[in-house]
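Structural overview
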Amino acid sequence: MSMTTTTVWNPATEEVIAEVPAFTQDQVREAIALSHSAQQKWRRLPLAERQLFLYKIAELVDANVEELAQLESQDVGKPIRSARAEVASVASCFRYYAGAIDKVHGDTITLDEGISFTFHEPLGVVAVITPWNFPLPIASWNIAPALAAGNSVIVKPASMTPLSTVRLGQLVDEISPIEGLFQVVTGSGSSVGATLLDDPRVHKISFTGSTEVGQSILRASADTFKHVTLELGGKSANLIFEDADVSAAAQAAPWAVFDNSGQDCCARSRVLVQRKVLDDFIDGFVEATKKLRIGDPSLIESDLGPLVSAEHRASVQSFLEPQLDYVYKGDAFQEKGFWLAPHIVLDKEGTSKAATDEIFGPVAVIIPFDTEAEAIEIANNSIYGLSGSIWTKDVARSLRVARALESGTLSVNSNSSIRVQTPFGGMKQSGMGRELGLEGLLGFTELKTVFVKT
Ligand code: TAP
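Each chain carries its own residue numbering, running from 1 in the direction its sequence is written. Predicted model: local features are reported for residues with pLDDT of at least 70 only, side-chain atom pairs are reported and counted for 80 or more only, and whole-chain, interface and lining totals are derived from all residues.

1. Concerning the site of the ligand
Quick note on the threshold: Any residue whose backbone-placed C-beta atom lies within 6 Å of a molecule or strand is treated as near that molecule or strand. Numbering of helices and strands runs from the N terminus; a helix is a DSSP stretch of H or I covering at least four residues, while a strand is a stretch of E covering at least two. Ten residue types, Ala, Val, Leu, Ile, Met, Phe, Trp, Tyr, Cys and Pro, are classed as nonpolar, four, Asp, Glu, Lys and Arg, as charged, and the remainder, Gly among them, as polar.
Within the structure, the ligand sits among 28 residues, and Gly 189, Gly 193, Gly 209, Glu 231 and Cys 265 are positioned closest to it. Considering each element in turn, the shell around the ligand owes the most residues, 4 residues, to helix α7 (residues 189-198). The class makeup of the residues in the shell around the ligand is 11 nonpolar, 14 polar and 3 charged.

Okay, structure coming up:
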């Protein structure tokens, strides 16, 4: 019997690198049935055995870091240095949740007539639908806590970038204490994803991707009342106040938006700069951007690779309208591959499409402001609220502004958002629920209350 496959390309070379099976809906249902029976066994295993399995996965990832990083680099076009760091972070994620397994406790509530206890019970079968920009890390942020909490897991990776997740599935199969505890199903969102959504045996969907697909997932989940976590788009702001270390902010700004070639839901693509330091900041930002090395993702010195596909590059280019005020336009040089160099735009009104819409590519828009109140208003004037940075030496201001911003994850004098120990997620149309930290683990549990009459 011939099997339908999906072709996977290397976006740096435009070469075909793999054919991956497209699961039929019946095959997905079989995977769900197997997952369901695996979960029944898994939830009864001693916690120490659960921990051991997660620690073993971390060791396996570490032992195969080079293979997994090469796959990720070729599949996404990600510079190998970044790919290695991301795979290492996957091992850390499994270790963190292995250690957390026996640290999740319920409450004791004393009552006049007795005592109630709460228990964090597993949900059952968890389906995880991941995007193409950080395939393995995002999968791990869900697989690790879901397993830790006593669930079984099925992952559907993005069709463009399934290879690292498929390989992780194969590696884990070799050490899994129960068949089907963690499975990977490949194929399209409209078929494989929809089958996971329709099935009442799937109790939770954790989705990372576009806001539009997130909306359809939330609607479809209503039919079987699934728990839903959504990590969606963003248009995050990088706020630079006049009392900041402007040089440090300017040096960090390229990485805050152009890292992963801007294909990052947390990209600080709106750069809000207080007018008094605007010129200094722009000079430093452009100078630091020029230093980024764009090129062959397999080379250790490359900072930025290509975009993920020709279609995605065309979508990013559609924002680069000729009438915009460009302060920097990088050159893309290679003949093959979906390259696009960083662009920096100055938009004094902040009203262009580039300033308001998520681009998901290497385009930064600088918007000047005069007062702190104005900066907060501009930053909050977005349907999104995922991430952001605040640069100031005034501690009180940093906290005041952080509290006022409608954003789920903020950093002060830093451009990073993600740490396995701390909750991560968005406000407004950037999502629902939180991943990572202990909060992320609780998201894969359901509370049970037991009353004992005394
Ligand atoms: P999407 O097109 O939304 O795809 C994400 C995943 O959903 C893919 O696995 C896709 O499968 C699947 N999918 C598509 N349609 C589906 C459906 N009807 N039912 C079930 N699953 C479906 O996003 P993308 O293009 O991969 O990623 C870019 C977007 O994701 C950006 O907007 C970005 O901001 C957002 N994003 C957010 C975050 C966080 S953490 N908030 C992280 C990364 C990306 P196929 O690949 O087969 O279509």
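2. Concerning α7
At 3.6 residues per turn, the α-helix brings residues three or four places apart onto the same side. Heads up, the rule is: Using C-beta atoms placed from the backbone, we call a residue buried if 20 or more other C-beta atoms fall within 10 Å of its own, exposed if 12 or fewer do, and partly exposed for counts in between. Contact definition: two residues whose C-beta atoms, as placed from backbone geometry, lie within 7 Å.
Along α7, the positions that sit buried rather than exposed are Val 192, Gly 193, Thr 195, Leu 196 and Leu 197. For α7, the elements touching its buried residues are α1 (25-42), β5 (125-129), β6 (152-156), β8 (202-208) and α8 (211-221).

3. Focus: the sheet that holds strand β3 (residues 108-111)
Applied cut-off: Only strands that DSSP links by at least two bridges are regarded as paired with each other. Lines fitted to the C-alpha atoms define the axes, with helices restricted to the stretch that makes contact. Angles between their N-to-C directions range from 0 to 180 degrees.
Reading across from one edge, β3-β4-β20 is the order of the 3 strands in this open sheet, with antiparallel pairing throughout. Here the strands that pair on one side only, and so sit at the sheet edges, are β3 and β20 (445-453). The average undirected angle you get between the axes of adjacent strands in this sheet is 25°. Judged from the 9 bridges that link them, strand β4 (residues 114-122) and β20 form a sheet pairing that is antiparallel. From the neighbouring strand, Phe 117 faces β20, where its bridge partner is Val 450.

4. A few points about unusual backbone geometry
In this model, Ser 261 sits at a positive phi of 55°, which is unusual for a non-glycine residue. Here Ser 261 is to be found in the loop between α9 (246-258) and β11 (270-274). For Ser 261, a count of 32 C-beta atoms within 10 Å translates into the label buried. Despite not being glycine, Leu 436 has its phi angle at roughly 70°, a positive value.

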